[in-house]
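Okay, here's what each chain looks like letter by letter:
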Amino acid sequence: MCGGRGLGAGLLLGGGLSNLWERIRHGRVLDYLRFPKAPGPLKKYTYNLADLAIFLGAVLMVLRRRRQ
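A few points on the structure.

## As for a nonpolar patch on the surface
Judged by side-chain polarity, Leu49, Leu52, Phe55, Leu56, Val59 and Leu63 come together as a nonpolar surface patch covering roughly 520 Å² of accessible area. Tracing the backbone shows Val59 in helix α2 (residues 49-67).

Next comes the structure, spelled out in structure tokens:
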């Protein structure tokens, strides 16, 4: 079963292509998330959606590899 690996690879590829596309098209990355009403320190930060997908994809691939 390759669900974790396939999903991880998809998130990595999708996040990377999203960042590349925005840089080519707009000259900068635009997909930022902010949570101003979130509790605690979460409201202080700005998150890049594509980078979050890349990070989660890498984590899934590492976890899937460890199970094998």
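Moving on from the coordinates now.
## Things to note about the environment of Asp51
Here Asp51 is to be found in helix α2. On the basis of relative accessible area, Asp51 is assigned to the partly exposed category, the value being 41%. In sequence terms Asp51 and Gly15 are 36 residues apart; their C-alpha atoms lie 6.2 Å from each other.

## Some points on the environment of Gly16
Among the secondary structure elements, Gly16 is positioned in helix α1 (residues 3-26). The exposure class of Gly16 is partly exposed, given its relative accessible area of 30%. In sequence terms Gly16 and Tyr47 are 31 residues apart; their C-alpha atoms lie 15 Å from each other.

## Side note on α2
For α2, which comprises 19 residues, the first-to-last C-alpha distance of 27 Å matches the rise-based estimate of 27 Å (1.5 Å per residue) to within 8%. Along α2, the residues that are buried comprise Ala50, Ala53, Gly57 and Arg64. All buried residues of α2 project into a common sector of 55° when viewed along the axis, lining one side. Away from its buried face by more than 90 degrees, α2 exposes Phe55 and Arg66.

## Quick look at the side chain of Asn48
The residue Asn48 is located in strand β2 (residues 46-48) in this model. On the basis of relative accessible area, Asn48 is assigned to the buried category, the value being 11%. Within the structure, the side chain of Asn48 is placed 3.1 Å from the backbone nitrogen of Ala50, a separation counted as a polar contact. From its side chain, Asn48 meets the backbone nitrogen of Asp51 in a polar contact 2.7 Å long. Residues within four places of Asn48 in sequence aside, it is in contact with Asn19, Val29, Asp31 and Tyr32.

Calculation notes
Starting afresh in each chain, residues are numbered from 1 along the sequence in its written order. Side-chain atom pairs in this predicted model are given and counted only at pLDDT of 80 or more, local residue features only at pLDDT of at least 70, and totals for whole chains, interfaces and linings cover all residues. Hydrogens and water are ignored here; the side-chain numbers use all heavy atoms of the structure. For patch detection, residues must exceed 30% relative accessible area and be free of salt bridges, and they are connected within 9 Å for like charges or within 5 Å for nonpolar side chains (Val, Leu, Ile, Met, Phe, Trp, Tyr). In these tables, accessible area is a Shrake-Rupley quantity obtained with a 1.4 Å probe, and a residue counts as shielded only by the protein chains included in the view. For this analysis, a salt bridge means a side-chain nitrogen from Lys or Arg found within 4 Å of a carboxyl oxygen belonging to Asp or Glu. Per the convention used, a helix needs a DSSP run of H or I reaching at least four residues, while a strand needs a run of E reaching at least two, with both numbered from the N terminus. Here's how the labels work: a residue is buried when its accessible area is under 20% of the maximum for its type, exposed when over 50%, partly exposed in between, all with a 1.4 Å probe on protein chains only. One fewer than the residue count of a helix, multiplied by 1.5 Å, yields its expected span. Note that the arc is computed from the directions linking the helix axis to the C-beta atoms. Each polar contact in these results corresponds to two N or O atoms within 3.5 Å; when the atoms are within protein, one needs to be able to donate a hydrogen and the other to accept it, and residues that are neighboring in sequence are counted only if both atoms are side-chain atoms. Only heavy atoms enter the contact rule, under which two residues are in contact if any of them lie within 4.5 Å.

By themselves, these are just geometric observations and shouldn't be taken as functional.
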